[in-house]
Each structure stands twice: as C-alpha cells, then as structure tokens.
Amino acid sequence: MPKIFYTQPDGRQTALEATAGDSVMQTAVRNGVSGIVGQCGGSLSCATCHVFLAEENTDDFPPVGDDEDEMLDCAATERQDNSRLSCQLILREGQEVHVTIPEAQL
Amino acid sequence: MPAHPARGPGSPRDHPGSPAVNTTPHLLIVGAGQAGAHLAGSARDQGWKGPITLIGGEPHAPYTRPPLSKTFLKGQTPLSSLALRSDAYYTQHRIDLVVDEHIDHIELAGDGTGTATAATGRRWRFDRLALATGARPRHLPIEHADLDGVLTLRDLHDAQALAQRLTTATALVVIGGGFIGLEVAATATAAGVPTTVVEAAPTLMNRVVSAATAKIVATAHRAAGVRIRTGVRPLRLRGTNGTITAVELDDGDELPADLVVIGVGAQPRDELARAAGLHCDNGIVVDAHCLASDGHTIAVGDCANLPDPSPASDGTVRLRLESVDNAVEQATSAAGTLTGLHRPYRSVPWFWSDQGNLKLQIAGLARPDDEIVLRTGRRPGQHTTLRYRGSRLVAAECLNSPADFLAVRRALGEETPLPRVTAADTGLSLKEHLAAARTPR
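Residues numbered from 1 in each chain as written. Chains lettered and ligands numbered in written order. Predicted model: local features only at pLDDT ≥ 70, side-chain atom pairs only at ≥ 80, totals over all residues. Heavy atoms only, no water.

An unreviewed UniProt entry lists chain A under the name 2Fe-2S ferredoxin, from Streptosporangium becharense. According to the UniProt record, the Sequence similarities (unreviewed entry) comment for chain A reads "Belongs to the adrenodoxin/putidaredoxin family." Its UniProt record gives chain A the following Cofactor (unreviewed entry) comment, quoted word for word: "[2Fe-2S] cluster". (UniProt positions renumbered as here; feature names shortened; annotations may be inferred.)

Next comes the structure, spelled out in structure tokens:
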C-alpha cells in the first residue's frame, strides 16, 4: 500500500495510506488534506493541486508533460524545480512519497 | 466505491417535532452531488459545530461526475476512483451521510427550520436547510423517446448503462452538439462505434462558445471520424419491437441507429423548493450569499439561479451555472453564510471539456455578440479565442492552451486590462502581456 506524507507550509505533516492507481491529489482531496484543491478532478484543467515533490521521489514518476509544464508556469505559487501537479503523480504499490504543499493554489 | 447502507430508523435526529437545540443547530443538506458534498465539508471546515446530515437519492456516496462522459465510458476509470471523499472523511468531519433516500416533502417554517420527509417515510428535523438538488436532463419532446436504446447521461447509473450499450452498438446518433453530447461522440468514435451528432443550431456548443471556437472543435471531431450534422432537427425516432432503429430528421434524411443519446441541456430540480414556498424561476432564486427567498434556506449548484458572480458584474444579470467550479465555489461561499462569515459569492466562472484530443477550457462568461480576437499558440492545436465586450476582455475559450486559460482567469479576477491590439500580438504569450500590464510604467 503506497504511503504519502503531506507537509503543510507551516510544517505540519499528514501521513495517509493510499491506493495504488490513485493520484497524490485524489488521496489528499478524499481525505480533506487542506491546501490541495484539485477542483477539476484530475483532468489537468485547473492547476490547483500544485505540490513540491521531495528529491528522493523525483524518479518515481514520469517527467512533467507539456500541459503540466505550461500550467505549472502559471500556478498561483511560484514554480520551483521540484514543482508538480499532484494529479499527475499516480501511485504504485509500495511507494513512499513526500510532498510539500505551497502557500496558495488559487 | 462502497455504497453506504442507509441507516435504519432510530437515529437520534429521527424525532420530528423535537425542539431545536440552538447551541448545536442541525444542518440538513438535500442532494449529495458535488455541491452538496462540498457544502458539508466546507461548513465543517468553516466552523459549523452542530450535526450535518447529507442526503442523496443515489445509492452511492458522493462521486465526481466529469469522467462519466469521458474516461469512465472508455472503461479507463474504475468505479472506486470516482469517490469524492473517503468513507473515513465523513466520519472524521462528523457528516452523517445518508444515501438512497429521496426527499419528497419539506415543511419549512418562517424562521428557516422545518422537517424533510423521504419517500420511505423517514423524517429529518432541521434548523437550517440547504438544497443542492442539481439538474436533470432536459426532456426532448419527440415521438418514441421511450424506445429501448434511447439514453441520457447525467449520473453514474446512466454512464454504466451507456458504457454497456457501447460495447455492442453499431450505429450511435447523438442528439445535441453540446459538451456532453460531443464528449460521448468522441469517446464512442474512438471506441469504434460509428457516430453521428445532430445539432439543431448552425454551430456546435452554440450556447457556450463562439462560432470561431466551435468551428475548430467541429473540424477536429470530423478529422477523428465523428459525423456532424448541424442545422437539422430530429423529427421522430423509429423503432421495431420497442427498440430504436433510426432517427428521422426534418430535412427528410433518416439515420439508422441502434443507440441514441439525447444531450440537449438540463433543467433545475427545483420542485421541492417550489412546493416549500421558495421563489423559483429557472432554478431556486438566491442572492449573492446563496440565500433563497425566505432569507434562511441555502441553495447551491446546478439548481440555483444566482446573480452573475463575475468580478466585473453589477449583479443585475441572473443565471444558472452548471459546472464543477460553480458547485465548489458557491458551496464555499454558502458555508460562510451558514457560519456567519457572509462573504458574497464572487468568482470568475470557468468550465472545461475534453473534446476528443482537444482540451477546451473557458474562463469568464461571454455573450453571443461579444467580439473575438483569435490567437494561435506555439504548439500545434493550440488556439485561444478572447472575447471582448467593447474594450473589455470578458472571457477566453482556450483549446489545448492551459497557460492562456490560467492567465486569463487570473486577469479577469484581478480585472487587469488587456487592450485588443496587445492581445492580437502573438509575439508575446498572454501571460507575458498580462504581466506587462500589471507592471506600473
């Protein structure tokens, strides 16, 4: 079972057990993790699920796609090198994923 | 997704007529779609202390609807991944989720308290009522619409039935060239089902996008193999032994079909509100605080007729907005009304639709006579149609151009001016133009 650690901008951390095949966004929204809005439900349409992905997880996911890249450029919180849209981070069995949530999504 | 068993009688609130306890008022939300579910969570997040009951008529916990006409139809989205919230979420947020119960009568007192009664006879006493009853597919007044093989698509049950039919269908006719009809057509065509879309208006998506955007979308659908007939109406449906066989058009053509999907818009479910004495006119009429005509009852989502929430709006135009964005944002505002924050609902409305390989995103609300500035993007298939009312940018229709969409949505929210001449210059991106407009000289 994948496990995700969400760190809020103030350092508070939430750990959630997830389901393989779900995304980091879906898992957050379903469990009420604040700061991940995911308004479009994961169809790469809203850029409200921006996260900073921990360095050790960089190679655990496919690289940033064209649309995701464009959308990250326009995210509400300034993009960093490790920025991802968490709807594009699809979980696999056994993964342990660490993400930090930005200050603002809208 | 696990179905929540309906709870039996004997829950503590199942006592009609018991006095309201003002320290922990009971919020009853009728309708467990995106708006109702979000209102429940948002009310709790914003400080509603009392019990919250969320009642839905379907046998499922709240789920996300957009994939129903897209990936779910293709079988790419498992049922389990549609759930909006986990089961634990409702428990942790003390939201009493009741599914498979149809409220068919509401007694509403002048102070907003009352009782809701379900078809099963179960009753809920409430101190505050919120209606999130949604919309139902608009009925098409056409002969033989009750034939087997004639479907509409609104909920999970509809989507499951349609997905099943698509596995054996040999000829699909989609009546209505709007978002849903076209999404179904694209999905069916990609799955190898020959599909024809019939639209009465001269262009597709006629109520929601400009003719310029519609034309690009139509070209893309045709290239993908969807047959599109505009400017014709279905006259009647034909069948054999109670099953659909053809659609007869008003220009004399007849399209063979063993599956027909009718997607001609939706109508608000406002019967409960009407019967309870609330003012309804194309939906439950609410103010900017999501309050209905009694000043107490909340209405949110597809069922609500609200003042245009756009930042530039003067509030005189009323409309219904059928979108996830509106369901979520209006519910967030309504939660504030319930908990005393009283923030009027202000938001740039936005919509999205997957049209085959095109991602269509719309920011803002345009009117048919708003003028257009067309921009072509750097990547193939990227087009953005900006809509202007006089000198003011009011909306954008973006195809495969998410950066333009986000830039315009933000600009509309901040009311950043973007002169038409500047907008037409594709040497800079819209984001760059808008950044320049924000920088004082």
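Quick look at the environment of Val 317 of chain B now. Residues and elements named next belong to chain B. In this structure, Val 317 sits in the loop between β20 (304-307) and β21 (318-319). A residue is classified by how much of its surface remains accessible, and Val 317, at 36% relative accessible area, is partly exposed. Measuring from C-alpha to C-alpha, the distance between Val 317 and His 38 comes to 25 Å, with 279 residues separating the pair along the chain. (Helix = DSSP H or I, 4+ residues; strand = E, 2+ residues; numbered from the N terminus. Buried < 20%, exposed > 50% of the residue type's maximum accessible area, 1.4 Å probe, protein only.)

Each partner contributes to the interface: chain A provides 21 residues, whereas chain B provides 25 residues. Taken together, both faces of the contact between chain A and chain B bury some 1900 Å²; the carbon and sulfur share is 48%. For the salt bridge of Asp 66 of chain A with Arg 379 of chain B, the shortest nitrogen-to-oxygen distance reads 3.8 Å. In this structure, the connection of chain A to chain B is made through 17 residue pairs in polar contact (both at pLDDT 80 or more). Among the secondary structure elements, those contributing two or more residues to the side of chain A that touches chain B are α1 (24-30) and α2 (66-73) of chain A. (Contact = heavy atoms within 4.5 Å. Buried area = accessible area lost by both parts, 1.4 Å probe. Salt bridge = Lys/Arg side-chain N within 4 Å of Asp/Glu carboxyl O. Polar contact = N/O pair within 3.5 Å; in protein donor to acceptor, adjacent residues only side chain to side chain.)

All names here are of chain B. Across the sheet, five strands lie side by side as β3-β2-β1-β7-β19; this open sheet has parallel pairing. Since the sheet does not close on itself, it has two edges, and those belong to β3 (95-98) and β19 (298-299), each with one partner. As defined by bridge partners, strand β2 (residues 52-55) adjoins β3 across four bridges and the pair is classed as parallel. When the sheet's bridge partners are listed, Ile 52 is paired in β3 with Ile 95. Sitting on the sheet, helix α1 (residues 34-45) touches β1 (27-30), β2, β3, β7 (128-131) and β19, and the angle it makes with β2 is about 170°. (Pairing = 2+ DSSP bridges. Axes fitted to C-alpha atoms, helices over the stretch in contact; angles between N-to-C directions.)

Residue and element names in this part refer to chain B. The backbone of Arg 94 shows a phi angle near 50°, a positive value even though the residue is not glycine. Residue position: Arg 94 is located in the loop between α2 (87-92) and β3. By relative accessible area, which is 48% here, Arg 94 ends up partly exposed. Not every positive phi belongs to a glycine, and His 144 is a case in point at roughly 65°. Structurally, the position occupied by His 144 is in the loop between β8 (135-137) and β9 (150-151).

Residue and element names in this part refer to chain B. Two elements in contact, α1 and helix α7 (residues 324-339), have axes separated by 8 Å at closest approach and are oriented at 35°. In this structure, the crossing between α1 and α7 has a hand that is right-handed. Residues Gln 34, Ala 35, His 38, Leu 39, Ser 42 and Ala 43 of α1 pack against Val 324, Ala 327, Val 328, Ala 331, Thr 332, Ala 334, Ala 335, Leu 338 and Thr 339 of α7. Its residues assigned to classes, the contact of α1 with α7 comprises 10 nonpolar, five polar and no charged. (Left-handed = near helix turned anticlockwise from the far one by under 90°. Nonpolar A, V, L, I, M, F, W, Y, C, P; charged D, E, K, R; others polar.)

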